[in-house]
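Residues per chain are reported as follows:
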Amino acid sequence: MDDLYKTLGVAKTATDDEIKKAYRKLARKHHPDANPGDPKAEERFKEISHAHDVLSDAAKRRDYDAAQRMGGFGRGAGNGGPGDAGAAGGFGDFADLFGSIFRSGRGGGPGGARPQDRNAPRRGGDIEVEVGLSFEQAMQGAEVPVTVDKHETCASCSGSGAKPGTSPRLCPDCKGRGVRGRELGGFSMSEPCPRCAGNGTVIDDPCPTCGGSGSVAGRKTYKVRIPPGAKEGTKVRLRGKGQAGLRGGPAGDLFVVTRVTPSRLFDREGDDLTIQVPVSFAEAALGAHVEVPTLDGRVKLRVPAGSQDGKALRVPGKGAPKLNGSGSGDLIARIRVQVPGALDEAQREALERFAELDPVNPREGLFS
């Protein structure tokens, strides 16, 4: 298992804020747009994005930490995406083994349950791919091309695997069950039928196009519409664009996961955007009207007299578009008072005069 903490360069005890800051720093450095033509940077960006996706989600991080303590099963534990084996990677094999042990020869399942129809159509697997977006694309929405390598139903045999004009026939060894029983010291254990490899059918004349598999490898490019307000890790689902189904079953789905480059100006908190707004000491003390940028132009903001550093001013409806289409979040402008680094003689005299007139001791509460 990859060490996702090491990928982001943070300790295992890192806070959510530390993980967020580390991700932003690395994402800016390794984003493909900042490293055109460098495949290593693109691969590194994907690793960074995956680590952030897991460690920034409390449930995924908990599962990942648990998997690490157990020795780590499978790369990408805790990702939880379609087709992912999950944190327990190899546990599926044990589940299959115990399922086989407790199947009886009478019904193929506990208590004589009816066995699964091996000849039934089976849905194809899902595919998950990532697409990189600029912050502006994520806010405005975008149509992006996505290319995937996948298997599609063979057009020659319509997915049957048999040569056109012929059909698969019932396996004579397992009678279509796909499994056969084997006695093991007092109980019966089911195992895949070696004649049909567990399919329940055999193909005497394989399709020359697909070689009997029922599907052919190919590459497809889709234009995917990313909705306005997409977040880091937003999933867009394209139904029926995944792997081909088996024996005429439906195709799986394609999931497009967004990776958004952090903004230079805005931080995102849910559907709200925050921006740091520098103001002078005089503007904070006396009050002022200042212009701040938004996603769709500038707005004028009133800074109340006596504003302290860190004061938050809310601008309704100027945040990120909501994915459900019900408007936008808010813009939160956080006041940052700028102390002048150098003073000329007149400024110094004015401030010294102000200090003489100001009776307030800002540290009085430290000793009460």
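Residues numbered from 1 in each chain as written. Predicted model: local features only at pLDDT ≥ 70, side-chain atom pairs only at ≥ 80, totals over all residues. Heavy atoms only, no water.

A.B. asks: So what about the overall build of the protein? Which residues, and what values?
C.D. replies: Check the secondary structure of the protein and you find 8 helices and 15 strands. The burial tally for the protein puts 35% of its 368 residues in the buried class. Partitioning the contacts of the protein with sequence separation of at least 6, the portion at a separation of at least 24 is 63%. (Helix = DSSP H or I, 4+ residues; strand = E, 2+ residues; numbered from the N terminus. Buried < 20%, exposed > 50% of the residue type's maximum accessible area, 1.4 Å probe, protein only. Contact = heavy atoms within 4.5 Å.)

A.B. asks: Give a description of the pairing of strand β15 (residues 331–338) that names residues and reports values.
C.D. replies: Of the strand pairs in this sheet, strand β11 (residues 272–280) and β15 are connected by 8 bridges, and their pairing is parallel. Within β15, the position partnered with V279 by the bridge is V337. (Pairing = 2+ DSSP bridges.)

A.B. asks: Describe in detail a nonpolar patch on the surface, supporting the description with residues and values.
C.D. replies: Residues F281, L343, L351 and F354 make up a contiguous nonpolar surface patch of about 330 Å² in total accessible area. Secondary-structure assignment places L351 in helix α8 (residues 345–357). (Patch = residues over 30% accessible without salt bridge, like charges linked within 9 Å, V, L, I, M, F, W, Y side chains within 5 Å. Areas by Shrake-Rupley, 256 points an atom, 1.4 Å probe, with all protein chains shown as cover. Salt bridge = Lys/Arg side-chain N within 4 Å of Asp/Glu carboxyl O.)

A.B. asks: Give me the lowdown on the side chain of T294, citing residues and values where you can.
C.D. replies: If you trace the backbone, T294 turns up in strand β12 (residues 288–294). Here D296 takes part through its side chain, which lies 2.9 Å from a polar atom of the side chain of T294. (Polar contact = N/O pair within 3.5 Å; in protein donor to acceptor, adjacent residues only side chain to side chain.)

A.B. asks: How would you explain the sheet that holds strand β9 (residues 254–260) if you had to name every residue and give the values?
C.D. replies: An order of β1-β9-β8 is seen for the 3 strands of this open sheet, with the pairing classed as mixed. A single partner strand is all that each edge strand has here, and the edge strands are β1 (127–133) and β8 (235–238). Between one strand axis and the next, the sheet turns by 25 degrees as a mean value, whatever way the strands run. Bridging between β8 and β9 involves 4 bridges; their strand directions are antiparallel. Across the sheet, residue V236 finds its bridge partner in β9, namely V256. (Axes fitted to C-alpha atoms, helices over the stretch in contact; angles between N-to-C directions.)

A.B. asks: Quick one: what's the story with the pattern of salt bridges, residue by residue and with numbers?
C.D. replies: A full pass over the atoms with the stated rule returns 22 salt bridges. Among the ionic pairs, D173 bridges to R195, the shortest N-O distance being 3.4 Å. Highlighted residues: D173 in the loop between β3 (169–170) and β4 (179–184) and R195 in the loop between β5 (187–192) and β6 (201–202), separated in sequence by 22 residues. For R353, the salt bridge is made with E356, and the minimal N-O distance between the two is 3.6 Å. Of this pair, R353 and E356 both sit in helix α8, separated by 3 residues, roughly a single helical turn.

A.B. asks: Pulling in residues and values, what's your account of the packing of aromatic side chains?
C.D. replies: What the rule picks out here adds up to 3 aromatic pairs. Measuring from centroid to centroid gives 6.0 Å for Y5 and Y64, while their planes differ by 45 degrees, and the two rings are tilted. Of this pair, Y5 sits in helix α1 (residues 4–8) while Y64 sits in helix α4 (residues 58–69), placing them 59 residues apart in sequence. The exposure classification of Y5 matches that of Y64, with both residues buried. Seen in terms of ring centroids, F135 and F266 are 6.1 Å apart; in terms of plane orientation they differ by 20 degrees. Their pairing is stacked. Linking F135 in helix α6 (residues 135–140) with F266 in strand β10 (residues 266–269), this pair joins segments that are 131 residues apart in sequence. What makes F135 buried here is its relative accessible area of 9%. (Phe/Tyr/Trp six-rings, centres within 6.5 Å; stacked < 30°, edge-to-face > 60°.)

A.B. asks: An account of the packing of helix α3 (residues 39–55) against α4 is needed here, citing residue identities and associated values.
C.D. replies: At their nearest, the axes of α3 and α4 sit 6 Å apart, and the two run at 100 degrees to each other. By the angle between their directions, the pair α3 and α4 is classed as roughly perpendicular. Residues D53, V54 and L55 of α3 pack against K60, R61 and Y64 of α4. Residue classes in the contact of α3 with α4 are distributed as 3 nonpolar, no polar and 3 charged. (Parallel < 35°, antiparallel > 145°, perpendicular 65-115°, else oblique. Nonpolar A, V, L, I, M, F, W, Y, C, P; charged D, E, K, R; others polar.)

A.B. asks: Talk me through the nonpolar core; I want residue IDs and the actual numbers.
C.D. replies: Formed by 38 residues in total, the largest nonpolar core has its most connected members in V144, V224, I226, L254, V256 and V290. Setting aside chain neighbours within four positions, we find I226 in contact with V131, L133, G141, A142, V144, V236 and T258. (Core = buried A, V, L, I, M, F, W, Y, C linked by side-chain atoms within 4.5 Å.)

A.B. asks: Go over the packing of helix α2 (residues 16–30) against α3 with me, naming the residues and quoting the values.
C.D. replies: It is at 9 Å that the axes of α2 and α3 come closest, and there the two elements cross at 165 degrees. Taken together, the axes of α2 and α3 are roughly antiparallel relative to one another. The hand of the α2/α3 crossing is left-handed. In contact with I19, Y23, L26, A27 and H30 of α2, α3 contributes A41, E42, R44, F45, I48, S49, H52 and L55. (Left-handed = near helix turned anticlockwise from the far one by under 90°.)

A.B. asks: How would you summarise unusual backbone geometry if you had to cite specific residues and measurements?
C.D. replies: Positive phi, close to 60 degrees, is recorded for S158, a residue that is not glycine. If you trace the backbone, S158 turns up in the loop between β2 (142–153) and β3. In this structure, K175 is a non-glycine residue whose phi angle is positive, near 60 degrees. Counting through the fold element by element, K175 comes out in the loop between β3 and β4.

A.B. asks: Report on α2, specifying residues and quantitative values.
C.D. replies: One turn of the α-helix equals 3.6 residues, which is why residues spaced by three or four share an orientation. In this model α2 runs 21 Å from its N-terminal to its C-terminal C-alpha over 15 residues, within 8% of the 21 Å that 1.5 Å per residue would give. Here α2 has its buried residues at I19, A22, Y23, R24, L26, A27 and H30. Packed against the buried residues of α2 are α1, α3, α4, β9 and β10. (Expected span 1.5 Å × (residues − 1).)

A.B. asks: Describe the sheet that holds β15, naming the residues involved and giving the relevant values.
C.D. replies: Strand order in this open sheet of 4 strands is β10-β11-β15-β14, and the pairing throughout is mixed. Each edge of the open sheet is held by one strand with a lone partner, namely β10 and β14 (312–315). With strand direction ignored, the average angle separating the axes of adjacent strands in the sheet is 30 degrees. Here β14 runs beside β15; their pairing, made up of 4 bridges, is antiparallel. From the neighbouring strand, R314 faces β15, where its bridge partner is I332.

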